[in-house]
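So you can see what is in the structure, the chains are spelled out below.
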Amino acid sequence: MILRFLILFLALFIIEIYAYQALRTIVKSKPILISYQIISVLVLAFIIYSFTQFDRRIGQTPQTMQTMGLLLMVYLPKIILTLVLFSEDIFRIGFGSINHFAKFNDNVDFLASRRKFVSQIGLGLAAVPFLSLIYGVTTGKYNYKVIKQAIFFPDLPDAFDGFTITHISDIHSGSFDNPEKINYAIDLINEQNSDMILFTGDIVNTDAKEMHPWIDTFKKIKAHKYGKYSVLGNHDYGEYVTWPTEAAKEKNFQDIKDLHRQIDFKLMLNEHTFIENGTDRIALIGVENWGVKFKKLGDLQKASNGLSNDDFKILMSHDPSHWDAEINNHEKNFHLTLSGHTHGMQFGIEIPGIIKWSPIQYLYKQWAGLYENMGRYVYVNRGFGFHAYPGRVGIMPEITIIQLKKGKNVA
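From a predicted model like this one, the values you see are computed outputs, not experimental measurements. (Residues numbered from 1 in each chain as written. Predicted model: local features only at pLDDT ≥ 70, side-chain atom pairs only at ≥ 80, totals over all residues. Heavy atoms only, no water.)

Participant: Explain a nonpolar patch on the surface here, please?
Facilitator: Judged by side-chain polarity, I2, F5, L6, F9, L10, F13, I14 and I17 come together as a nonpolar surface patch covering roughly 830 Å² of accessible area. Position of F13 relative to the elements: it lies in helix 1 (residues 2-26). On the accessibility criterion, F13 (47% relative accessible area) is partly exposed. (Patch = residues over 30% accessible without salt bridge, like charges linked within 9 Å, V, L, I, M, F, W, Y side chains within 5 Å. Areas by Shrake-Rupley, 256 points an atom, 1.4 Å probe, with all protein chains shown as cover. Salt bridge = Lys/Arg side-chain N within 4 Å of Asp/Glu carboxyl O. Helix = DSSP H or I, 4+ residues; strand = E, 2+ residues; numbered from the N terminus. Buried < 20%, exposed > 50% of the residue type's maximum accessible area, 1.4 Å probe, protein only.)

This is the structure in C-alpha cells:
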C-alpha cells in the first residue's frame, strides 16, 4: 500500500512539474504562475480529501462523482502536456548527447532551452480533452441518441418480419440530477411506438432507494403491445458496498427486484416466455447477470429449459462478456442477445463509417453496437444513464430501436 502511494505521488509530482513548465514557457507573469501553483495544490488537496471520505457502506455519492469528474478534467489534460514535453525532453537529451560526444558546437548547452511552440502545441492538445470533459458533464450525459438497427434472420417467423424492439440498459437512477432531461428521454422512448420494450439491467447504482424519486417518471413508459421485460445487472446485487448485515443486503436486493414491478416491467430471472403473433411465436429469455469479472448467476440451461433449437430466441443478458463465453456457441442457438454494461466507458470517438474507439474495447471485445458470428448476433447498448464519471464524451446515452427482418443480412 505504501509503495503504491509513493508511486502515485511520484507520478503526480512529475505531471505537475511538466504542466508548470509548459505554462512557465508561455506565461512570464509571476502573479499568474504563483496563482496557478496555489490553485493546483488546493485542487489536488480537495481531490485527495474527497477520496479519503469515500464510505464503502454508502457507495457512490454525488460528491464522489463530482470528484471523479474534477480529477479527469484536471489531470487528463496535464497528462497530455506531460507526454508532449517528455517527448521534447527525449529529443533535447538525444541532441545534447550527440553534440557533446561529437563536439559539433562547444558553445551549445548540453540541454537546449525548452521551445515555446512545443509548449503551445501541448497546451492546445490538452485543451481538447479539457473542453470535451466539461461538455460531457454539462451536456453530453443527457444527449440521448435514438439508434435504429435492422437485423436479418433467415429463420425469423413470418409474422415477426418488421417487429420492433426498444432496447434500453443501465439506467443507474442514483446518478440522475435533472428531471427535465429524464422526462425528455422517456418521451423519446414513447415516440418510437415499438412493439416491445426490453431493459437489460442496472436500474440503480447500489441502493433500491435511488430509484424511488424516479418511479413515477419511468411508469410513464407506455404499455407496449407485446410487453415490457427486464433483467438484472451487476449493480443490482449490491456487491459494491459493505452492508451492516447480510439481511440488509438481501432486503435491498428484494426491493430492487420489486422496482421492476413498480415501473410495470416483468423481471425475468433465468426464465423464458413466448411472444405470440397469430400462429407464430418467438421465445424471449432473460437471465440473471453473468460476467467474466462478476458472479456467474445467469443460468442458460434453466432459462431455456423446454425450448427447442428451432425456436427463434431473443436473450437478455446484461454483460456482453457472457456472449463469447457461453452464448455464442451454445447448443440452443440463441439468435439475438441484448446486453449493456460497458457504457462504452462513457468516453470515446464515434463517427459512423469512419471510426469507433473507446478504451473499453481493450477490456470487452463486444462493447457497443452490433456484432455477429455465424448468423448469431449480440447488440450492446451504450447505456441510458451514467456512473462514476458524471458525464459522457463521444459515447452518448442510447435508446436503441431494433427491427427484426426476414431474410439474409445484406451487409
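Participant: Is there a simple way to think about the side chain of N252 in this case?
Facilitator: Along the chain, N252 falls in helix 7 (residues 246-262). A relative accessible area of 6% places N252 in the buried class. Dropping the residues within four chain positions of it, N252 is found in contact with T206, D207, A208 and W243. (Contact = heavy atoms within 4.5 Å.)

Participant: I tried to follow the packing of aromatic side chains on my own but got confused; where do I start?
Facilitator: By convention here, two paired aromatic rings are described through the distance between centres and the angle between planes. Within the structure shown, the criterion is met by 17 aromatic pairs. Pairing F199 with F265 gives two aromatic rings, centres 6.4 Å apart and planes at 80 degrees, and the pair type is edge-to-face. With a gap of 66 residues between them, F199 in strand 3 (residues 196-199) and F265 in the loop between helix 7 and strand 5 (266-267) connect regions that are remote in the sequence. One aromatic cluster in this structure is built from Y142, Y144, F176, W214, F218, F384 and F386. We note K293 situated over the ring of Y364; from NZ or CZ to the ring centre the distance is 5.3 Å. The ring of W367 is capped by K356, whose NZ or CZ atom sits 5.3 Å from the centre of that ring. (Phe/Tyr/Trp six-rings, centres within 6.5 Å; stacked < 30°, edge-to-face > 60°. Lys NZ or Arg CZ within 6 Å of the ring centre and 35° of its normal.)

Participant: Help me understand the sheet that holds strand 3, please; the structure alone is not making it clear to me.
Facilitator: Working definition: the strands of a sheet are paired by backbone hydrogen bonds and lie parallel or antiparallel to each other. An order of 1-14-2-3-4-5 is seen for the six strands of this open sheet, with the pairing classed as mixed. The open sheet is flanked by strand 1 (145-153) and strand 5, the only strands paired with a single partner. Relative to strand 14 (residues 398-406), strand 1 runs parallel, the two being bridged by nine bridges. When the bridges of strand 14 are listed, K145 appears paired with E398. (Pairing = 2+ DSSP bridges.)

Participant: Would you take a moment to explain the nonpolar core for this structure?
Facilitator: One recurring pattern in soluble globular proteins: nonpolar side chains tend to sit buried together. Counting residues in each nonpolar core, the largest one holds 34 residues, and the members touching the most others are F176, I203, M211, F218 and F384. Listing elements by their share of this core, those giving two or more residues are helix 5 (179-191), strand 3, helix 6 (215-218), helix 7 and strand 14. Leave out the neighbours within four places in its chain, and I203 touches I171, H172, S173, M211, D236, I256, L259, H260 and I263. One finds L156, F163, V231 and Y379 within the second-largest nonpolar core, a separate group that totals 24 residues. (Core = buried A, V, L, I, M, F, W, Y, C linked by side-chain atoms within 4.5 Å.)

Participant: What is the right way to read the pairing of strand 2 (residues 164-168) from this model?
Facilitator: A regular strand places its side chains so that they alternate between the two faces of the sheet. Burial analysis of strand 2 places five of its five residues in the buried class, which makes it a mostly covered element. By the alternation rule, side chains of strand 2 split into T164, T166 and I168 and I165 and H167, which are all buried. Pairing geometry for strand 2 and strand 3, over four bridges, is parallel. Within strand 3, the position partnered with I168 by the bridge is F199.

Participant: Sorry if this is basic, but what is going on with the packing of helix 1 against helix 4 (residues 116-138) here?
Facilitator: When two helices pack together, their arrangement is given by the angle between their axes and by how far apart the axes lie. Packing of helix 1 against helix 4 leaves a shortest axis separation of 9 Å and a crossing angle of 120 degrees. In terms of axis orientation, helix 1 runs oblique to helix 4. Considering how the two elements wind past one another, helix 1 and helix 4 form a crossing that is left-handed. Of the residues in helix 4, those in contact with Q21, A22, T25 and I26 of helix 1 are K116, S119, Q120 and L123. (Axes fitted to C-alpha atoms, helices over the stretch in contact; angles between N-to-C directions. Parallel < 35°, antiparallel > 145°, perpendicular 65-115°, else oblique. Left-handed = near helix turned anticlockwise from the far one by under 90°.)

Participant: It is not clear to me how the sheet that holds strand 7 (residues 280-286) should be interpreted in this structure. Could you clarify?
Facilitator: Judged by pairing direction, the sheet is mixed, and its six strands sit side by side in the order 6-7-8-9-13-12 without closing on themselves. Among the strands making up the open sheet, the edge pair consists of strand 6 (271-277) and strand 12 (369-373). On average, each strand axis in the sheet is inclined to that of its neighbour by 20 degrees, with strand direction left out of account.

Any functional reading would require information that these geometric values do not contain.
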